[in-house]
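Here are the chains, one letter per residue:
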Amino acid sequence: MKSNETLRNILNSVLPVLLALLIGAILILAIGENPLEAYGIMFGKSLFTLRGLTNTLHAAGPLLLTGAAIAITFRAGLFNMGVEGQLLIGGFMAGLVGAYLHIGNPLLHKLVAFAVGASVGVLFALIPALLRAYFRVDEMVVTLTLNYVMMTILEYLSSGPFRDQGAGYVTTPTIDSSAMFTRFGSTRLTPFFLIALLLFGILWFLNTKTEFGYKIEAIGKNPEFSEATGLRVRKSIIMLILVSGAIAGFAGAGHMMSQEYKYTLSFSGVTGLGWDGMLVSLLGSHSPLGIIISSIFYSALKTGADNINMYTSIPKEIVAVIEGIIILFLSIRFLNERFGLLEKLSKKKGEKNEPAL
Amino acid sequence: MGTILQTKDLTKKFGDFTANDKINLTVEEGEIKAIVGENGAGKSTLMNMLYRQLEPTSGEIYLRGQPIEFNSPRDAIQHGIGMVHQHFMLVPSFKVYENILLGTELAHDKLRFLVDHKKEQQECAELIKRYGFDLDVNEVVENLSVGQQQKIEILKMLYRNVDILILDEPTSVLTPQEVDELLLQLKELKAQGKTIILITHKLREVMQVSDSVTVIKKGQIIGNVKTSETNEAELAQMMVGRKVLLTVQNDHIGQESPEVIYTVNDLTTNNTYGNIVVDHVSFEIKKGEIYGIAGVEGNGQSELVKLLSGMMEATGGTVHYKGEEITNLWADELRKLGIAIIPEDRYAQGLCKEMSLSANSIAGSTTSDAFKKNGIFDFKRIRQHCQELIDHYQIRIAEFEGNVSQLSGGNAQKLIIAREMNRQPDLLIASQPTRGVDIGAIEFIHQQILDFRNSGGAVLLISSELSEVMSLSDRIGVMYKGKILGEVDPLETSETEIGLLMAGTIPQEAVVYEK
């Protein structure tokens, strides 16, 4: 029974990807290129060369954490859609710490920046957490909309009070070198990836071996049962959303110190690391191993886009198309998970299809 | 009189599960046919097929020898088959006559688009008189008791001229007096030529009112008997497939221990709408005593249990246990103090269906260190603990690593009891401990409760099955509209007396609580 379930979970994740690649292949054929060759270049260059692989792993770091931030609430039946906003404020504040506090000691500087990033993530997540726990306001709606509030606030702060006046575009000052992660050799990989991996491992451990994980599972699967057995559901809900916010803020701080070094309006990329994290979590069925695989796969897709552009005549937008199709398939799955879509549909169908007497 | 309704090899499958397997049922015209079986035996499925709320997978239904094909309940009614559901389908804000005529309103003679209320009232009054019911057509439904609402459901069908009336567990929501009244009413309807099919699992009522009985077990008919030629014990044996004790041996030792272990004083709370649902409830339980709480469902028992098991907050009053105040403590804190809790709804509150057996076996103890090593779960010990519970309480499982959803109702309840009793509690709060479990498991659960009492434990038993409360308890408090209206001794009281209390009347003999 259990292994069957795992198999279905894997199929659930692999199928949308394969379908998306298939549809992408048709489009590539239509352009007049060989899809196998294109995919070969895309994944070959991003996974099977040292430079490509380290680039991919480097980009997977923040995704691993945003994916975990989402998964942890998802498993408890909560939907923190505000990871993007929490990551942005975390990154922004870490950037300010990096640029304005001249601590000097590299270790201490980074620790302070991480602490500030995670804390503001928590503070920002406090709004939906309290609304949800005390007023039963749907956290999905609140977190989702607050992202845009945060984006706008940060746009103002970075183009106004904290703008680097010397730069020709909207950006905060570059952080001190003591707040920057040093790269491994000539790769782009930094110790932040290892920190992300370590944090991820700790979360995994807490989730499967301790009361914390039991709570998450019980609350997610049956809140009334949790209450009846003495788990403080309300307190746990608050705590979980805050933990999720902390991870998101931490990821933002790490992204700032290992990749961006300053806050620009495109700090978290085109789709946004928080949104990507949602995709990663869904693709990995909210399971630890799944998230590791899907975050690496997803970042391979992104780094591969550049290679496609470089080595073939296929426009790199093909990757965005594939991403979009994956999201489309996954959102069907998400709707199904949250609202039991398939069950409702098949039920209706079943009733109609039954043979008459 | 001939056969009015007959089914031939009627089968219903839900996926791989066969709910009804080649049912051949014969109902004679003008009889009261009882269909008995344990919960989940397939009684309701069968009736829902007769009433066309479910489509049979295969098989035929014959009405007066003619094969019939219904497409909807409306169709069934037109053919003369009506059903009264366990849960009523009435509009609470409408008057009695409006509910009876819902969907078949009588139009005004001249102004066709208007409803002729006068004519409607008249017709309904005549209908009520003809069948000897006692109802005011102009009463608003929400002001009526459950028993009266049930009458409206029956009248709805009678107005539509049905010949066959199907009643699904009609007595589960009634007080004993209302049950007696209903049974009389059914006999009266029979005298007027109606055929009645009664679905129930209460054998006493079957013996009282029916002419013939069909026993269903696991989707199959395993016996057809004339009521006059059988008895309760035989029917129970047919239902379960082995000999069962209908009532466990209760010696009522009631160890005259003076030591009060649990005191509830003036406990009060509101529901989310601000209505008082538990109203100054006070009682105490001594060591070695079972205190039963009886009452018609919905009179505050559920909320009382929630208050006492840490799922709801009291707005007033106190609870003391072993001299310590425990009002509004959390469920895990109560359990740590030695209180075992069997919640009302086993799948909503007692177990988590989608979690493993072993995860469920430690529910409520996760905050304690019993199953941890350095703060980390010791899964080996947890599995061992779960296996011990399964062995000791003879819980039938299919797969040890699987989820609770694999368990039958009775075995799921056994798992809860095993988990709670294994903690060596001094007080047991048991709410509806045998609801929806088979007779065999009922026997086991009752024995567990009595053994616990006999070894000096205190028990609070809340149940809507009056016979259960009567046979197990040493003292009984009857709840009505959130209050404990009176306290009686089960050895000295009668069902009549309790019934009156359940209906809100205080008989003179009963000890009335000061509040």
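Residues numbered from 1 in each chain as written. Chains lettered and ligands numbered in written order. Predicted model: local features only at pLDDT ≥ 70, side-chain atom pairs only at ≥ 80, totals over all residues. Heavy atoms only, no water.

### A closer look at the packing of helix α4 (residues 83–100) of chain A against helix α6 (residues 139–159) of chain A
Residues and elements named next belong to chain A. Following both chains from N to C, one finds α4 and α6 inclined at 25 degrees, their axes separated by 8 Å at the closest point. Between α4 and α6, the angle falls in the class roughly parallel. Considering how the two elements wind past one another, α4 and α6 form a crossing that is left-handed. Residues V83, E84, G85, L88, I89 and F92 of α4 form the contact with α6, whose own contacting residues are N147, M150, M151, L154, L157 and S158. (Axes fitted to C-alpha atoms, helices over the stretch in contact; angles between N-to-C directions. Helix = DSSP H or I, 4+ residues; strand = E, 2+ residues; numbered from the N terminus. Parallel < 35°, antiparallel > 145°, perpendicular 65-115°, else oblique. Left-handed = near helix turned anticlockwise from the far one by under 90°. Contact = heavy atoms within 4.5 Å.)

### Looking at the environment of Q185 of chain B
All names here are of chain B. With respect to the helices, strands and loops of the structure, Q185 is situated in helix α6 (residues 176–191). Take Q185: its relative accessible area is 10%, and that puts it in the buried class. Sequence spacing of Q185 and K151 is 34 residues, and the spatial spacing of their C-alpha atoms is 9.4 Å. The residues contacting Q185, other than those within four sequence positions of it, are Y131, G132, F133 and K151. There is a polar contact of 3.4 Å between the side chain of Q185 and the backbone oxygen of Y131. (Buried < 20%, exposed > 50% of the residue type's maximum accessible area, 1.4 Å probe, protein only. Polar contact = N/O pair within 3.5 Å; in protein donor to acceptor, adjacent residues only side chain to side chain.)

### Observations regarding the state of the cysteines
Residue and element names in this part refer to chain B. Applying the stated criterion to the full structure yields zero disulfides over all chains. Its sulfur unpaired, C352 is 14 Å from the next cysteine sulfur, which belongs to C386. Take C352: its relative accessible area is 0%, and that puts it in the buried class. Note on C386: relative accessible area 0%, which makes it buried. (Disulfide = S-S within 2.5 Å.)

### Describing the sheet that holds strand β8 (residues 164–168) of chain B
Residue and element names in this part refer to chain B. Strand order in this open sheet of six strands is β7-β8-β9-β4-β10-β11, and the pairing throughout is mixed. With one partner strand each, in any of the chains shown, β7 (81–84) and β11 (220–226) form the two edges of the open sheet. Going from strand to strand, the sheet's axes swing by 20 degrees on average, the running direction of each strand aside. Where β7 lies against β8, four bridges are found, and the strand directions are parallel. Residue pairing for β8: V84 is matched across the bridge by L167. Contacts from α6 reach β4 (32–36), β8 and β9 (195–200) within the one sheet, and its direction differs from that of β9 by about 150 degrees. (Pairing = 2+ DSSP bridges.)

### Regarding the confidence of the model for chain A
The predicted coordinates of low-pLDDT regions are not to be read in fine detail. Residues and elements named next belong to chain A. Mean pLDDT over chain A: 88, with 93% of residues reaching 70 or higher. Averaged over each element, pLDDT in chain A is lowest for helix α14 (residues 341–353) (53) and highest for α4 (95). Every residue in residues 348–357 scores below 50 in pLDDT, and together they form 10 contacts with partners more than four places removed in sequence or on other chains. (pLDDT = per-residue confidence, 0-100.)

### Looking at the pairing of strand β12 (residues 260–270) of chain B
Sheet analysis places β12 of chain B next to strand β13 (residues 276–286) of chain B, joined by seven bridges and oriented antiparallel. Bridge pairing in β13 of chain B places Y262 of chain B opposite I285 of chain B.

### Some words on the domain arrangement of chain B
Residue and element names in this part refer to chain B. As assigned here, chain B comprises domain 1 (3–240), domain 2 (245–338 + 425–515) and domain 3 (353–424). For domain 1 and domain 2, the distance between their C-alpha centres works out to 34 Å. On the side of domain 2, 15 residues touch domain 1, which itself brings 14 residues to the contact. Between domain 1 and domain 2, roughly 1,000 Å² of surface is buried when both sides are summed, and carbon and sulfur atoms account for 64% of that area. Looking only at domain 1, the three residues that lose the most surface to domain 2 are T175, P176 and Q177, adding up to 37% of its buried area. Applying the counting criterion to the domain 1 and domain 2 interface returns zero salt bridges. In this structure, the connection of domain 1 to domain 2 is made through one residue pair in polar contact (both at pLDDT 80 or more). Among the elements of the structure, α6 and α8 (232–240) are those that each provide at least two residues to the side of domain 1 that touches domain 2. For the side of domain 1 that touches domain 2, the leading source of residues is α8, giving five residues. Looking at the side of domain 1 that touches domain 2 residue by residue, the class counts come to six nonpolar, four polar and four charged. (Domains from an automatic or database assignment. Buried area = accessible area lost by both parts, 1.4 Å probe. Salt bridge = Lys/Arg side-chain N within 4 Å of Asp/Glu carboxyl O. Nonpolar A, V, L, I, M, F, W, Y, C, P; charged D, E, K, R; others polar.)

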